[in-house]
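Here's the letter readout for the chains.
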Amino acid sequence: MYFLDIFNASRLMDLSDRVLYSFEPFKKHAALGYQLLPTKYLDKDEIIDSWDDILRLMVSLKLGKTSAYQVFKRLNRQAFLSYAKQNS
């Protein structure tokens, strides 16, 4: 989003209940004294495989074809599961 000059200020509610992801090992963040520590890793290969879809999404946002609200609503796990049930 930075490279497309899109600003996103997500408000994360119940941060203590969220799963935090990182490219780096847990120990590296703990050694730096971070209070919020990741519990899972990001799969770089999955991001690379999805890169075309990610770029298409960013262009849609930049051109105003969709809103950030619609994107996050679709990416939300609960919304996605209910959407998938309705639209097999």
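Keep in mind it's a predicted model, so treat the numbers as computed, not measured.

Definitions and limits used
- Residues numbered from 1 in each chain as written.
- Predicted model: local features only at pLDDT ≥ 70, side-chain atom pairs only at ≥ 80, totals over all residues.
- Heavy atoms only, no water.
- Helix = DSSP H or I, 4+ residues; strand = E, 2+ residues; numbered from the N terminus.
- Buried < 20%, exposed > 50% of the residue type's maximum accessible area, 1.4 Å probe, protein only.
- Salt bridge = Lys/Arg side-chain N within 4 Å of Asp/Glu carboxyl O.
- Patch = residues over 30% accessible without salt bridge, like charges linked within 9 Å, V, L, I, M, F, W, Y side chains within 5 Å.
- Areas by Shrake-Rupley, 256 points an atom, 1.4 Å probe, with all protein chains shown as cover.
- Lys, Arg positive; Asp, Glu negative; His and termini not counted.
- Charge placed at Lys NZ, Arg CZ, Asp CG, Glu CD.
- Polar contact = N/O pair within 3.5 Å; in protein donor to acceptor, adjacent residues only side chain to side chain.
- Expected span 1.5 Å × (residues − 1).
- Contact = heavy atoms within 4.5 Å.

Caption draft 1: Fine view of the overall build of the protein. The helix and strand tally for the protein stands at 5 helices and 2 strands. For the protein, the sequential pattern of α-helices and β-strands runs β-α-β-α-α-α-α. Across the 88 residues of the protein, 7% fall into the buried class.

Caption draft 2: Looking closely at the pattern of salt bridges. Under the defined criterion, the tally for this structure stands at 2 salt bridges. The partner of glutamate 24 in a salt bridge is lysine 28, with the nearest N and O atoms 3.6 Å apart. For arginine 56, the salt bridge goes to aspartate 53, with nearest N and O atoms at 2.2 Å. Of the two residues, arginine 56 and aspartate 53 both sit in helix 3 (residues 51–63), 3 residues apart, roughly one turn of that helix. Under the relative-accessibility criterion, aspartate 53 is labelled partly exposed at 45%.

Caption draft 3: Geometry of a negative patch on the surface. Residues Asp43, Asp45, Glu46 and Asp49 make up a contiguous surface patch of negative charge. Locating aspartate 49 in the fold gives a position in helix 2 (residues 44–49).

Caption draft 4: Spotlight on the environment of threonine 66. Mapping threonine 66 onto the fold places it in the loop between helix 3 and helix 4 (68–75). Only 2.7 Å separates the side chain of threonine 66 from the side chain of glutamine 70, close enough to count as a polar contact.

Caption draft 5: Seen up close, helix 3. Helix length check: helix 3 (13 residues) gives 18 Å between terminal C-alpha atoms against 18 Å at 1.5 Å per residue, within 8%. Count one or two residues on from helix 3 and you reach glycine 64, which has phi positive near 80 degrees.

Caption draft 6: The arrangement of the side chain of histidine 29 in detail. The residue histidine 29 is located in helix 1 (residues 26–31) in this model. Its relative accessible area of 13% is what places histidine 29 among the buried residues. Contacts of histidine 29, omitting those with residues within four sequence positions, involve Ser22, Glu24, Tyr34, Leu37 and Pro38.

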